[in-house]
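# Architecture and fold: a report
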Amino acid sequence: MFDIAWSSIKHRTGGFVGAFVALFFGSAVVTACGILLVSGLTSGMPPERYAAASVMVGGEQSKHVKEDFDPVHAERATVPADLVEKVAAVPGVKSAVGERTFALSAADARGNPVGLADPLYGHGWSSAVLGPVELRTGTAPRTEREVVVDETVARAAGLKVGDTARIAVGTTPAAYEVTGIVAGLDRQASVFFTDGRAEELSPRADRLTAIGVFADAGTDAGALADRVAKAAPGTDVYTGDRIGDLEFLDVGQSRGFLVGLSAAFGGTALGVVIFVIASTLGLGVQQRRRELAMLRAVAATPRQVHKMIGSETWLVSVVGATLGSGLGFAVAGWLRGAYAEAGALPADFALSYNPLPAVASVVLCVLGARLAGYVAARRVARIKPVEALGESLVEAPELGRGRWISGLVLIGLGLVVAIVVPVLVPGELAIAGAASALMVLMIGSGLIGPVLVRAAARLMGPLLARSRVSGYLAAANSTANTRRLSGAVVPLALGAAMALLQVSILTTTQAEAKEQVTDGVVADWVLTPAGPGLSPELVDEVRAIPGVAAATPVARSQVMLDYQEIDQVVTKQFGAQGLDPADLDRTLDLDVREGGLARLTGDTIALSRIAAGTTGLDVGDTADVHLGDGTPKKLRVVAVYGKGLGFGDVTLPHDLLTRHTTDGLDAALLVAADGERSAVSDALDELAAGTPTLRVEQPDDFAAAQEDAQNEQSMTNLIANAVLLLYVLIAVVNTLVMATTARSREFAMLRLIGTTARQTRRMMFMESWVVVATALAVGALIAVPPMVGVSLALTEQPLPYVPPLVWVAIGGFVAVLGWLSISLPTRSALRRAPVEAAGTRD
């Protein structure tokens, strides 16, 4: 059978090239998803500042989730300061060093903030032994007003030994004498204080960032790590290159991001790839009806037909998927670069190019293709030879009952999931369900595709008939070959629908978030940082300004909520803000639906409408929360509010949130005036003039900055979907070219009976518009229900926000793509002499 299959492939390259292209690019997409997943599980970065330590001890930086990936905490998980003595007493430990890391900003001699490519951190001098920190000049700091800076800071600020450095923690600046300069590191800039001063400047004096351990001579680091872990329960212990995960918090967060992205995107991508492969193989079998019918007529059994098509599928799929998996490595690299550009990954984050994703991709694509080939050949293999010969000349007039019922059931199910579920089921489950309904609707529409094409052809028939020859032929072909045209319509409709849905989610989310921020900030001014954050003591300073009616500090972080979903406990991360409820109504309106924010004190929490619906919590319930640094809390829900897209899905008391953030700083300070605004404005400007890292903004400027942050998040979500959409577009072109080039013999027969080349081209031009119009109509019809469902879940309004230009752009692009994919192969096929082309195989 493999000999026969290879002979078929050699003599019918057109259809098999189409299947090869679908498998080649499909395998590339699946491989890229697998590489991102493996990178999220295994990639890391060698340590720099901690490179000299044998073992490092840090807080538990991830939450253990049974039978799932462990999510990474957004903030630095710290360890108790008194743990150093316990670790130092472990057998085999030569010494243990407590390490503090806290964010800083620096100013030059004129008071302007120093721009650095890398973040600036402060440390105690005793922790310099943990890494390659070498004094190039000067001496170590001895008093609380002396510092050692690295070469990066010295160069950017124009400092040398003996100069005065202006260093700020948050918005609290201080002057220090530079006593030494050390060699710089690659991923951070550093300032070293005395240990006592570092303890004062650290957000929490009783906590350490990490503990470095030096082993006795001859002690194995792995064995020592095991003993340290037993002596320090509730911590994470690192050795070797894994120490980089502790040193670089962004690397661990990036790994968690990749795991979550791959888990969410990979399943969708695999489903779309299998769907496209099945459509392509089905079209290829459809084009071979005459050949397969002849085989049945000369006594080929159904089993032999299945075996032959299976052998062909094995050959094409193994070669196509194997070669495509190589391209997947390049696609993964492009995705890494795109996410780094969007700020979702560090620029120097390296992927793990493991061969396992390529192997898995080949296996999945080959198995999917084999199943698709079996389904495609099922009808022609099981019907009687005489019936097969009849259907090879004229398509079956009606769809089978099973296909009709399956298509209608799937369409009904898709409509229920897209529209009804968002009304009945609140929260993110409604959003995900509505978006996933697109594929269900697409499969259902594909099953009844011939009926849709026939309806479109009949509607457009009178218009086509205005051209007596070409129009008549186009109308007749469209009506008589609905199955063939359906194979071209389905992928084109899928591309249009996916583009509409993705753009709709993006634009609707952005528009709603912008409106919520614009309406929600009712303060007169917003103070924002030019550095890592605002100092907590700035609030009291602003409140003391005459004429200030309210000053609300806003802290930002991320927290994890545990909640019951069906029969299991789910952990999900939500964006969080910390607010002081005092006079909050003068500065911020969160659109409270239930409860009240005045009670947001102590161990309490407020949830957005979406978060409350997702977790199933209401006012008075108790939420299981893990704060930014992993600290578990039981918090009572005191309010449910509506503006979660603009301000975050979780709101906590300000002090509770900041105590569990890495730096303990605020993201913004909302200020409202009572009476004369000009005097307050002048006082704020004067305050900002004396604080290089402080900016005074109008609410509109702050709303624009929030919109930019939302746009970055939206772009992150769009990047992976753009790759999937590109694959669908390639599949669209591939399918349309396949369907057109397979008609070379038909074109030749038309020309032999008197039809000119121009009339044939015009016939195909008219047929292309039947395909395009049907695809656009089907694409829009199957995209609108999910778009409405997502809009209901996000905004409580049924109308999504999609600018008219977007509809025009997508429709125009799909139309041009469809027309070019049909017209260019038609012109190519018509270049051959009719007599020569008429003798070719079907």
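Residues numbered from 1 in each chain as written. Predicted model: local features only at pLDDT ≥ 70, side-chain atom pairs only at ≥ 80, totals over all residues. Heavy atoms only, no water.

On to the overall build of the chain. Broken down by element type, the chain carries 27 helices and 24 strands. On the principal axes, the C-alpha backbone points of the chain span a range of 100 × 70 × 50 Å. Within the chain, buried positions represent 52% of all 842 residues. Partitioning the contacts of the chain with sequence separation of at least 6, the portion at a separation of at least 24 is 82%. As displayed, the chain has an accessible area near 35,600 Å², and 58% of this comes from carbon and sulfur atoms. A distance of 19 Å separates the average location of the 69 positive side-chain charges in the chain from that of its 82 negative side-chain charges. (Helix = DSSP H or I, 4+ residues; strand = E, 2+ residues; numbered from the N terminus. Buried < 20%, exposed > 50% of the residue type's maximum accessible area, 1.4 Å probe, protein only. Contact = heavy atoms within 4.5 Å. Areas by Shrake-Rupley, 256 points an atom, 1.4 Å probe, with all protein chains shown as cover. Lys, Arg positive; Asp, Glu negative; His and termini not counted. Charge placed at Lys NZ, Arg CZ, Asp CG, Glu CD.)

One can find Tyr 374 in helix α11 (residues 356-382). Classification of Tyr 374 as partly exposed rests on a relative accessible area of 39%. Sequence separation between Tyr 374 and Gly 310 is 64 residues; the distance between their C-alpha atoms is 6.9 Å.

A word on the environment of Ile 753. Here Ile 753 shows up in the loop between α24 (744-752) and α25 (757-795). Placed 70 residues apart in sequence, Ile 753 and Ser 823 show a C-alpha to C-alpha distance of 22 Å.

One can find Thr 774 in helix α25. Looking at Thr 774, its side chain comes within polar contact range of the main-chain oxygen of Val 770, at 2.6 Å. Leave out the neighbours within four places in its chain, and Thr 774 touches Leu 452, Val 453, Ala 456 and Val 489. (Polar contact = N/O pair within 3.5 Å; in protein donor to acceptor, adjacent residues only side chain to side chain.)

It is worth spelling out the nonpolar core at this point. Within the largest apolar cluster, 93 residues are counted, with the highest numbers of intra-cluster contacts made by Ile 277, Leu 335 and Val 771. Top contributing element to this core by residue count: helix α17 (residues 482-520), with 13 residues. Discounting residues that sit within four places of it in the chain, Val 771 has contacts with Leu 485, Ala 488, Val 489, Leu 492, Leu 736 and Ile 822. Counting 23 residues, the second-largest nonpolar core is a separate cluster that includes Leu 120, Ile 167, Ala 174 and Val 178. (Core = buried A, V, L, I, M, F, W, Y, C linked by side-chain atoms within 4.5 Å.)

All right, on to the packing of aromatic side chains then. Working definition: an aromatic ring pair is given by the centre-to-centre distance plus the angle between the planes. The final tally for this structure, using the stated rule, is 9 aromatic pairs. Residues Phe 20 and Phe 24 carry aromatic rings whose centres are separated by 5.9 Å and whose planes lie at 20° to one another, so their mutual orientation is stacked. Taken together, the residues Phe 20 and Phe 24, both in helix α2 (residues 13-42) and 4 residues apart, mark about one turn of the helix. On the basis of relative accessibility, which here comes to 26%, the residue Phe 20 falls in the partly exposed class. Members of the aromatic cluster, connected to one another through ring pairs, are Phe 20, Phe 24 and Phe 25. Its guanidinium or amino end placed over the ring of Phe 248, Arg 187 lies 4.6 Å from that ring's centre, counting from NZ or CZ. Between Lys 572 and the ring centre of Phe 574, over which it is positioned, the NZ or CZ distance is 5.9 Å. (Phe/Tyr/Trp six-rings, centres within 6.5 Å; stacked < 30°, edge-to-face > 60°. Lys NZ or Arg CZ within 6 Å of the ring centre and 35° of its normal.)

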